[in-house]
Amino acid sequence: MESTVSALFEPYTLRSLTVPNRVWMPPMCQYSAAPEGPLTGAPTDWHLQHYGARAAGGTGLIIVEATGVSPEGRISPYDLGIWNDAQVTGLRRITDFMKSQGTVAGIQIGHAGRKASTDRPWKGGAPLGPEEHGWAAVAPSAIAFDDRHAVPAELTADGIKEIVGQFADAARRALDAGFEVVELHGAHGYLIAQFLSPHSNKRTDEYGGSYQNRTRFALEVVDAVRAVWPDELPLFFRISATDWLDGQEGWTADETVRFAAELKAHGVDLIDVSTGGNASGVRIPVGPGYQVPFAARVRNEAGVPAAAVGLITETQQAEKIIVDGEADAVLLGRELLRDPSFARHAARELGADVHVPDQYHRSV
Ligand SMILES: Cc1cc2nc3c(=O)[nH]c(=O)nc-3n(C[C@H](O)[C@H](O)[C@H](O)COP(=O)(O)O)c2cc1C
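Residues numbered from 1 in each chain as written. Predicted model: local features only at pLDDT ≥ 70, side-chain atom pairs only at ≥ 80, totals over all residues. Heavy atoms only, no water.

Draft legend 1. How the structure looks around helix α9 (residues 315–323). Three or more residues of α9 are buried, namely T315, Q317, A318, E319, I321 and I322. The secondary structure elements touched by the buried residues of α9 are α8 (292–300), β12 (306–309), β13 (329–331) and α11 (342–350). Where α9 terminates, the next one or two residues include G325, which has phi positive at roughly 70 degrees. (Buried < 20%, exposed > 50% of the residue type's maximum accessible area, 1.4 Å probe, protein only. Helix = DSSP H or I, 4+ residues; strand = E, 2+ residues; numbered from the N terminus. Contact = heavy atoms within 4.5 Å.)

Written out as structure tokens, the structure is:
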């Protein structure tokens, strides 16, 4: 199903996996799993209809929301998890449905580190204590994210090793659950990003200080996951290309370009390029496509496949990003929350082919 009329609807192949188009959905927490009981962290009806509708709408690849590699690794008690069989069973129902629509099924696995144990955003997002299903957070260094968060416990070397193993276990379970893409959450100030940035990582052992030491944990996770993730399937890494701490100590876009090449050498196939989230109170110049230049640097300076995200909301805007070679794919977050059939609408506008469910054939 090759489209000659639109770059956005050209299929895209990584390793042995072909994604039918370049309109992708980024991970977006739904905060809709049970916080306690045997189905803690397992998908609910909400998840099936939410991901199902975007698959039926023609989205090429859907990356399921940040899913905790352990209970302590969740952002909130209401997050999805991937540490037990009940969760895998529930997730398989979602991947089966996505695949029935021709959508590639991806999942973001992550650990929230010092930003763990918070309430749902629509309840204010405050850090939660043990009486509200909360727990004590861990991090590279004992530095709170902001005034609201508790000071996390500094991870020991054994603690770090344990989490690396949890990422590998999560990737194995993701494969069991039917996923074809795993994305490591290395962005937005969660645990991997906390290690990368000198803003949050003040360690004096081999995991802190120099660039090489700060990137060590991320590369250990990549290696552990790559060792269990099949050679024929792609591995993604979501990065915050900058902490937006201009002039202050923080992770920078130059480091991102350098690190992207190293990630590729370690078996990462595509970088999903976001920004921010590790430092509170910074000013971010938000506007249409504001993070696209960072994806373009990864793609064109480091020579690593990249996806662009952030206020991409229009068909022509998305098409141009691909045509101009700024990214290999675009991820539309909030626009896909507004319009589950964005891909279908975009294909119509561009005169391209896209999957339409048989049940909807009269609406083509
Ligand atoms: C409701 C919601 C939940 C999100 N959850 C996640 C997440 O689980 N993991 C992640 O990396 N980013 C998450 N994000 C960020 C999005 O993936 C995306 O990068 C961001 O919304 C910018 O893209 P947009 O302007 O197209 O919405 C979330 C965003 C929203 C709106």
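Draft legend 2. The arrangement of the side chain of S240 in detail. Among the structural elements, S240 can be located in strand β10 (residues 235–240). Here S240 falls in the buried class, since its relative accessible area comes to 5%. Engagement of the side chain of S240 in a polar contact is seen with the backbone oxygen of G276, the distance being 2.7 Å. Once residues lying within four places of it in the same chain are set aside, the contact partners of S240 are G186, A187, H188, W251, T256, S274, T275 and G276. (Polar contact = N/O pair within 3.5 Å; in protein donor to acceptor, adjacent residues only side chain to side chain.)

Draft legend 3. Inspection of the pairing of β12 at higher detail. Of the two faces of β12, the one lined by A306 and A308 and the one lined by A307 and V309 are each fully buried. Bridge analysis of strand β11 (residues 270–274) against β12 gives 3 bridges, and the strand direction is parallel. Across the sheet, the residue bridging to D272 is A307, located in β12. Following the backbone out of β12, through α9 and into the adjacent parallel β13, one traces a crossover that is right-handed. (Pairing = 2+ DSSP bridges. Right-handed = clockwise from strand over helix to strand, strands pointing away.)

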